[in-house]
Amino acid sequence: MAYKPQYYPGTTSVGVNRRKHMSGDLEKLRDLSDADVVTIMGHRAPGSDYPSTHPPLAEMGEPDCPIRQLVTPTPGAAAGDRIRYSQFADSMYNAPAIPYFRSYWGAINCRGCDPGTLSGRQIIEARERDIEQYTKVQMDSEMTDPALATMRGCTVHGHSLRLDEDGMMFDMLARTELGSDGNVYYVKDQVGIPLDRKVNAGKPMSDAETKKRTTIFRCDNISFGGPCTAEKRTLDEGLITLHHMWERRSKWGFRPE
Amino acid sequence: MVTKSDTEPVQVEIFPQRFLKPATAQRLLEEIYKSGGILRIMVQGPNLPRAVPYGPGKGIPIEEHMNMLLELGDQALELRVKVGRIWLELDNEERIEEVKAACERVLPYTFSIKRKQLFHTKPTVSDYAKYGSEVEDKRILGLVDPKAKRERDLAILSDTGGDA
């Protein structure tokens, strides 16, 4: 029987969502154009050539190396693109993704990328045309709710703050706004430089929808072990596994074998 | 900072579930001010910079944060934060109900009002560095943070306001 990865334990909807993120089996909710994604990222003008840091690998004459023969280069690496990044901040108010699961998604599903996990933001670096594709997947899929997850290259403050009155995550640089038609628009790129045109990032999810799709355990939604005030808590398998890993790692060092 | 009273003042914190838009904050403060008995008001929240502080866009003005004013009584202050918390000192305990009613009228989301000691009563080291050994008006203690500029971040309302 072929091996089927299990990715993450737990029977709660949070556990199910975490498995979906890690496996890359994501539901596509919207379709941003490539030009829109490139515009928000702000590394190059849409339609312009990709600047390169080295000639295409085919022209370089690579050394005789068994690893290079085994691994097919990504399109960006083959073309010699620059390394570029996209970074997302996710609200703690039931945003669909959280930094760890964006990183798991990146590390498992995206070739040639370098995910960086921080407390309130998550960055993925890769060759330019690869990162554009990976960013589009994130923005199009259920990993992103435009109101609760914003692409923020700098001044990312917002993850752990209360939401604005209109349900948008606080943004010090006012990169996004809720339009009168109910869609969220990017008016600035990820580092706060104003755009020539607004970019439609789609409609925000409803409260019920975010609660259903989130990968965050919260006491007011799905908690690790039932209500905090309950006399007896039934711990989710995810937490039991986490305790198990913590115990083993603390006692003997984490050595999965 | 308007009303003189013989009764024991109380301090309360208004903590809305969501950050307030400038217009909502303005309406709320007007309602509270109208009900009277206000000794001190402090609004607090995350900073709204006037220009991009870091990165490739450093220095680009943020138009959305310009020209936001809080007008109260005969004074106007430039709003430099997203209002997330309001501290009030009221001249007596009975005013709390009026503040609560004002919040219920204006705030679109739930909120909490807690009574506690909010403003510090003795000068701190920062106060000493800022105001010297003698603080002229003790009501200023705890009202603004150490880096605040008095003429920019603090307004003193006349005694004729409030209690209308």
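In case you missed it, the structure is sitting above this.
Residues numbered from 1 in each chain as written. Chains lettered and ligands numbered in written order. Predicted model: local features only at pLDDT ≥ 70, side-chain atom pairs only at ≥ 80, totals over all residues. Heavy atoms only, no water.

Draft legend 1. Representation of the overall build of chain A within the structure. When helices and strands are tallied, chain A shows 9 helices and 7 strands. For 257 residues, the compact-globule estimate of 2.2 N^0.38 gives 18 Å, and chain A sits close to it at 20 Å. Each of the three principal axes of chain A carries a C-alpha extent, and together these read 65 × 55 × 35 Å. Looking at chain A alone, contacts between residues at least 24 apart form 62% of all its contacts between residues at least 6 apart. (Helix = DSSP H or I, 4+ residues; strand = E, 2+ residues; numbered from the N terminus. Rg over C-alpha atoms; globule rule 2.2 N^0.38 Å. Contact = heavy atoms within 4.5 Å.)

Draft legend 2. Representation of the packing of aromatic side chains within the structure. Here the structure, examined in full by the defined rule, presents 6 aromatic pairs over all chains. Relative to Phe 101 of chain A, the ring of Tyr 8 of chain A has its centre 5.6 Å away and its plane inclined at 80 degrees; by these criteria the two rings are edge-to-face. Placement of the pair is Tyr 8 of chain A in the segment before α1 (13-23) and Phe 101 of chain A in helix α6 (residues 99-109), with a sequence separation of 93 residues. Phe 101 of chain A gets classed as buried once you look at its relative accessible area, which sits at 4%. The interplanar angle of 45 degrees and the centroid separation of 6.1 Å between the aromatic rings of Tyr 100 of chain A and Tyr 104 of chain A together place this pair among those described as tilted. Taken together, the positions of Tyr 100 of chain A and Tyr 104 of chain A, both in helix α6 and 4 residues apart, correspond to about one turn of that helix. Among the aromatic side chains, those forming a connected cluster through ring pairs are Tyr 8, Tyr 100, Phe 101 and Tyr 104 of chain A. In this structure, Arg 129 of chain A is placed above the aromatic ring of Tyr 50 of chain A, and the distance from its NZ or CZ to the ring centre is 4.2 Å. The lysine or arginine in question, Arg 162 of chain A, covers the ring of Phe 15 of chain B, its NZ or CZ lying 3.8 Å from the ring centre. (Phe/Tyr/Trp six-rings, centres within 6.5 Å; stacked < 30°, edge-to-face > 60°. Buried < 20%, exposed > 50% of the residue type's maximum accessible area, 1.4 Å probe, protein only. Lys NZ or Arg CZ within 6 Å of the ring centre and 35° of its normal.)

Draft legend 3. Region of interest: the sheet that holds strand β6 (residues 111-115) of chain B. Residue and element names in this part refer to chain B. Pairing in this open sheet of 4 strands is antiparallel, and the strands run β2-β5-β1-β6 from one edge to the other. The open sheet has two edge strands with one neighbour each: β2 (38-44) and β6. Within this sheet the neighbouring strands show an average axis-to-axis angle of 15 degrees, counted without direction. Pairing between strand β1 (residues 10-16) and strand β5 (residues 85-90): 5 bridges, direction antiparallel. Bridge pairing in β5 places Glu 13 opposite Trp 87. Strands β1, β2 and β5 of the sheet are contacted by helix α1 (residues 22-35), whose axis makes an angle of about 165 degrees with β2. Against the sheet, helix α2 (residues 95-106) contacts β1, β5 and β6, and its axis sits at roughly 165 degrees relative to β6. (Pairing = 2+ DSSP bridges. Axes fitted to C-alpha atoms, helices over the stretch in contact; angles between N-to-C directions.)

Draft legend 4. Looking closely at the environment of Cys 103 of chain B. Residues and elements named next belong to chain B. In this fold, Cys 103 is placed in helix α2. Owing to a relative accessible area of 0%, Cys 103 belongs among the buried residues under this scheme. When the C-alpha atoms of Cys 103 and Arg 50 are compared, they prove to be 29 Å apart, with 53 residues separating the residues in sequence.

Draft legend 5. Looking closely at the interface of chain A and chain B. On the side of chain B, 26 residues touch chain A, which itself brings 19 residues to the contact. If you look at where chain A meets chain B, you find 2 salt bridges. Taking the shortest distance from any N to any O, the salt bridge between Asp 164 of chain A and Lys 82 of chain B comes out at 3.7 Å. At the boundary of chain A with chain B, the tally comes to 9 residue pairs in polar contact (both at pLDDT 80 or more). Residue composition of the side of chain A that touches chain B, grouped by class: 11 nonpolar, 3 polar and 5 charged. (Salt bridge = Lys/Arg side-chain N within 4 Å of Asp/Glu carboxyl O. Polar contact = N/O pair within 3.5 Å; in protein donor to acceptor, adjacent residues only side chain to side chain. Nonpolar A, V, L, I, M, F, W, Y, C, P; charged D, E, K, R; others polar.)

Draft legend 6. Expanded view of the nonpolar core. By size, the foremost hydrophobic cluster in this structure holds 31 residues, and its most contacted members are Ile 14, Leu 28, Ile 32, Ile 86, Leu 88, Leu 90 and Val 99 of chain B. If we skip the residues at most four places from it in the chain, Val 99 of chain B touches Ile 14, Ile 32, Leu 88, Leu 90 and Ile 113 of chain B. Counting 21 residues, the second-largest nonpolar core is a separate cluster that includes Trp 105, Cys 113, Ile 124 and Leu 195 of chain A. (Core = buried A, V, L, I, M, F, W, Y, C linked by side-chain atoms within 4.5 Å.)

Draft legend 7. Layout of the state of the cysteines. Evaluation of the coordinates by the stated rule reveals 0 disulfides over all chains. Unpaired in terms of disulfides, Cys 113 of chain A finds its nearest cysteine sulfur in Cys 110 of chain A, a separation of 4.9 Å. (Disulfide = S-S within 2.5 Å.)

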